[in-house]
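Spelled out, the chains give:
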Protein chains: 2
Amino acid sequence: MREMLETFILPKLKGDVGDVPLSALDDSGVIDDIVFTIDGHTVKPLFFPGGDIGSLSVAGTVNDIAVMGARPVALALSLVIEEGLESEVLEKVMDSIARASEKAGVPVMAGDTKVVERGAADKLIVTTSGIGVRSHWLDANIRILKKIRHTHIRWLKDSNVQAGDKIIVSGTVGDHGIAVLSCRDGYGFESDIVSDVCSLNHMIEKALAIGGIVAMKDPTRGGLANTLNEFAEKSGVGIEIDESLIPINPGVKTACGLLGIDPLEIGNEGKAVMAVAPEKADAVLECLRATPEGKDASIIGQASSEIKGVLMTTIIGGRRVVEPPIGDPVPRIC
Amino acid sequence: MREMLETFILPKLKGDVGDVPLSALDDSGVIDDIVFTIDGHTVKPLFFPGGDIGSLSVAGTVNDIAVMGARPVALALSLVIEEGLESEVLEKVMDSIARASEKAGVPVMAGDTKVVERGAADKLIVTTSGIGVRSHWLDANIRILKKIRHTHIRWLKDSNVQAGDKIIVSGTVGDHGIAVLSCRDGYGFESDIVSDVCSLNHMIEKALAIGGIVAMKDPTRGGLANTLNEFAEKSGVGIEIDESLIPINPGVKTACGLLGIDPLEIGNEGKAVMAVAPEKADAVLECLRATPEGKDASIIGQASSEIKGVLMTTIIGGRRVVEPPIGDPVPRIC
């Protein structure tokens, strides 16, 4: 995927425009103080424990905006429908989109619908785009941060992390991917794992009001492993984490063991990873834990100038390199 | 399509938010002075005379923003790629997107790429979203309009048309749909028609500087027939047009005759339809005709309080009702 992006897609586009340009490969681009993002959703099956393609589409886009520190303002929705899709399916998905949009407080402002013949799409593809604007909670966060250190941060970019910053994950990892797999043809296994799909804008707003947050990302495709490597690479720091501090559901751990998948590489859809100035890390953690979305939040490590890449102290002892995942361990979970 | 939208999609969403809400079903939605739109592109084949899915995606989105009177600021690009798509195809499409984006002056600021297994998409689906902001040429247009009439127009909405307003189409109709059909399996016919796919923002900017434009729309799906009916219905006026004044390429006319398709119902991808205060119609027409995109522009009729719906004086004599098209006469042309 990265190779395809770097060979055929990114070099073609003028990637250097805006406050957060396309070439930054951050969660959203930013231009003229408008935060802008898009995501195509091809999850299979359309309905899975804890969510469906509708709730996924809303959360994925809302979160990409919220993790920049912005206030999500509106969504746009593009449906590609395969001929013959049962109207009940479409209705259920639309109900789910409506509920998720209402709960996040981010309305759908624009849309498009195309119907294609059988075989030209797999039932339903939902693409959501979102826009956001500067929020006073982002400004408050930056004001507090400036009392702690000299900084010119304007948005919560992946490249903002400094040695010493604490790394917080807002809850258990791997739930979404395992929940989708558990009900997929050819994989189907007994599991009570439900997807974490959830819009995080309200939780993030509260955390930013505490202040001191430096960078934020939602660990979707490529999971925590990818997110930490992006922080490390773009910020030019190392990151050391402790496996025993990473929140993970026992069922996810078991399923990952059986399937031979690294839970750190599985996509999440209702989690945020934050780099926080150490002076504020405990307060941000406490704030997160007081929210339903962040009740399992944990400080899992810190950025360091002593190492390169991402290093994890494992439960069985020793340290291992956490590599950025090569390709999706599981396709079509988002 | 309209029935599906009105039964399963629109009632689910909170359609009344923003300056131009979703329920207005205008070319873009507008909230907090940000113009926002999205379009999924499933055109078949991917390459056609005069363009391809890449140039189509850029023009479609840029035009949806420009016809609101806004300045398009950025695009977001979501690709769904069927496994096995030749890399040369992807590269050609990306080159085309880059060229179209550069020419329109609207950069791609965000993106997403998903690869799905064979049969889960037809080669390539390109979804583009776009954002725009208020432009000084829209403000100039409104200032000039206010000297002519008492009005509270803020955006070029479909519902702004008043009796007496002149209807201008910026060039020949039907080219895009016929160009795509001419190279499609099962239809393929000899034709020298090329698609009109083209970003119109620069042309529209010049026309707005002349002033007096009341409403604007790009006649994509459903063609001119749909656009005029939307103006009529949403503005509560009738529209009378003269068939002999509608610009149409002879090749398009011939192909439509052979295929039994009404050229007024065929989608265009590089045309704008405008309602203009009569005092300014000739000046706007002259301005359009001085641009390469608008050289065939024509005043084709006017809004009227004397009739309902859309009535056309035909070339063979008499008048006929121009109905809003029921479904696409030709699927997958955009």
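Owing to the predicted nature of the structure, the values given are computational and were not obtained by experimental measurement. (Residues numbered from 1 in each chain as written. Chains lettered and ligands numbered in written order. Predicted model: local features only at pLDDT ≥ 70, side-chain atom pairs only at ≥ 80, totals over all residues. Heavy atoms only, no water.)

Participant: How should the interface of chain B and chain A be read in this particular structure?
Facilitator: A common way to express how large an interface is: the accessible area buried when the components associate. At the interface, 67 residues of chain B touch 67 residues of chain A. In this assembly, chain B packs against chain A so that about 5,400 Å² is buried in total across both faces, 70% of it on carbon and sulfur atoms. Contact with chain A buries area across many residues of chain B, yet Phe36, Ile38 and Met109 of chain B alone supply 13% of it, more than any other trio. In this structure, the connection of chain B to chain A is made through 21 residue pairs in polar contact (both at pLDDT 80 or more). Elements with a contribution of two residues or more to the side of chain B that touches chain A: helix 1 (2-9), strand 1 (29-31), strand 2 (34-41), strand 5 (71-82), helix 3 (87-104), strand 6 (108-116) and strand 7 (124-133) of chain B. Considering each element in turn, the side of chain B that touches chain A owes the most residues, 10 residues, to strand 5 of chain B. Among the residues making up the side of chain B that touches chain A, the classes are represented as 39 nonpolar, 13 polar and 15 charged. (Contact = heavy atoms within 4.5 Å. Buried area = accessible area lost by both parts, 1.4 Å probe. Polar contact = N/O pair within 3.5 Å; in protein donor to acceptor, adjacent residues only side chain to side chain. Helix = DSSP H or I, 4+ residues; strand = E, 2+ residues; numbered from the N terminus. Nonpolar A, V, L, I, M, F, W, Y, C, P; charged D, E, K, R; others polar.)

Participant: Would you take a moment to explain the sheet that holds strand 1 (residues 29-31) of chain A for this structure?
Facilitator: Strands pair in a sheet through their backbones, by hydrogen bonds, and they do so in one of two ways: parallel or antiparallel. All names here are of chain A. Taken together, 5 strands build an open sheet; the order of strands is 1-2-7-5-6 and the sheet is mixed. Edge positions in the sheet fall to strand 1 and strand 6 (108-116), since each has one partner strand and no second. The sheet shows a mean angle of 15° between the axes of neighbouring strands, direction not considered. Here strand 1 pairs with strand 2 (residues 34-41) via 3 bridges, running antiparallel. Along strand 2, the bridge assignment pairs Val30 with Val35. (Pairing = 2+ DSSP bridges. Axes fitted to C-alpha atoms, helices over the stretch in contact; angles between N-to-C directions.)

Participant: I keep staring at the sheet that holds strand 9 (residues 213-217) of chain A and nothing clicks. Help me out?
Facilitator: All names here are of chain A. The 7 strands lie next to each other as 9-11-8-12-10-13-14, forming an open sheet whose pairing is mixed. Both edges of this open sheet fall to strand 9 and strand 14 (319-321), since each of them pairs with a single strand only. Averaged over all pairs of adjacent strands, the angle between strand axes in this sheet comes to 25°, irrespective of strand direction.

Participant: Help me understand the pairing of strand 13 (residues 310-313) of chain A, please; the structure alone is not making it clear to me.
Facilitator: In summary, the side chains of a regular strand alternate between the two faces of the sheet. All names here are of chain A. Here strand 10 (residues 238-242) runs beside strand 13; their pairing, made up of 4 bridges, is parallel. Its bridge partner lying in strand 13, Ile239 is registered against Val310. Pairing of strand 13 with strand 14, which is carried by 3 bridges, proceeds in the antiparallel orientation. Bridge pairing in strand 14 links Thr313 to Arg319. The hairpin turn running from strand 13 into strand 14, its antiparallel successor, is 5 residues long, and Gly317 in that turn takes a positive phi close to 100°.

Participant: Sorry if this is basic, but what is going on with the relation of the copies chain B and chain A here?
Facilitator: Note that the two copies of the chain are related through a rotation about an axis and a translation along the same axis. Taken as rigid bodies, chain B and chain A are interconverted by a rotation of 180° and an axial shift of 0.0 Å, the fit giving an RMSD of 0.0 Å. Such a combination of turn and shift is consistent with a two-fold rotation axis. Within chain B, the C-alpha atom positioned nearest to the axis of rotation is that of Ala121 of chain B, 2.1 Å from it. Counting the interface residues of chain B, we find that 100% of their copies in chain A are interface residues as well, pointing to one common contact surface. (Least-squares fit on C-alpha atoms with pLDDT ≥ 70 in both.)

Participant: Honestly, the pairing of strand 5 (residues 71-82) of chain A in this entry has me stumped. Any pointers?
Facilitator: All names here are of chain A. The buried count for strand 5 comes to 11 of 12 residues, which makes it a mostly enclosed element. The pairing of strand 5 with strand 7 (residues 124-133) spans 10 bridges and is classified as antiparallel. From the neighbouring strand, Ser78 faces strand 7, where its bridge partner is Thr127. Both strand 5 and strand 6 contribute to a ladder of 8 bridges, which runs parallel. Bridging across to strand 6, Leu75 finds its partner in Val108. (Buried < 20%, exposed > 50% of the residue type's maximum accessible area, 1.4 Å probe, protein only.)

Participant: In this structure, what is going on with the side chain of Arg184 of chain B? I would like to understand it.
Facilitator: Of note, Arg184 of chain B is situated in the loop between helix 5 (175-182) and helix 6 (201-210). For the buried residue Arg184 of chain B, which engages in no salt bridge, the nearest side chain bearing the opposite charge is Glu117 of chain A, 7.6 Å off. At 2.9 Å, the side chain of Arg184 of chain B forms a polar contact with the backbone oxygen of Pro331 of chain B. Discounting residues that sit within four places of it in the chain, Arg184 of chain B has contacts with Lys44, Pro45, Val330, Pro331, Arg332 and Ile333 of chain B. (Lys, Arg positive; Asp, Glu negative; His and termini not counted. Salt bridge = Lys/Arg side-chain N within 4 Å of Asp/Glu carboxyl O.)

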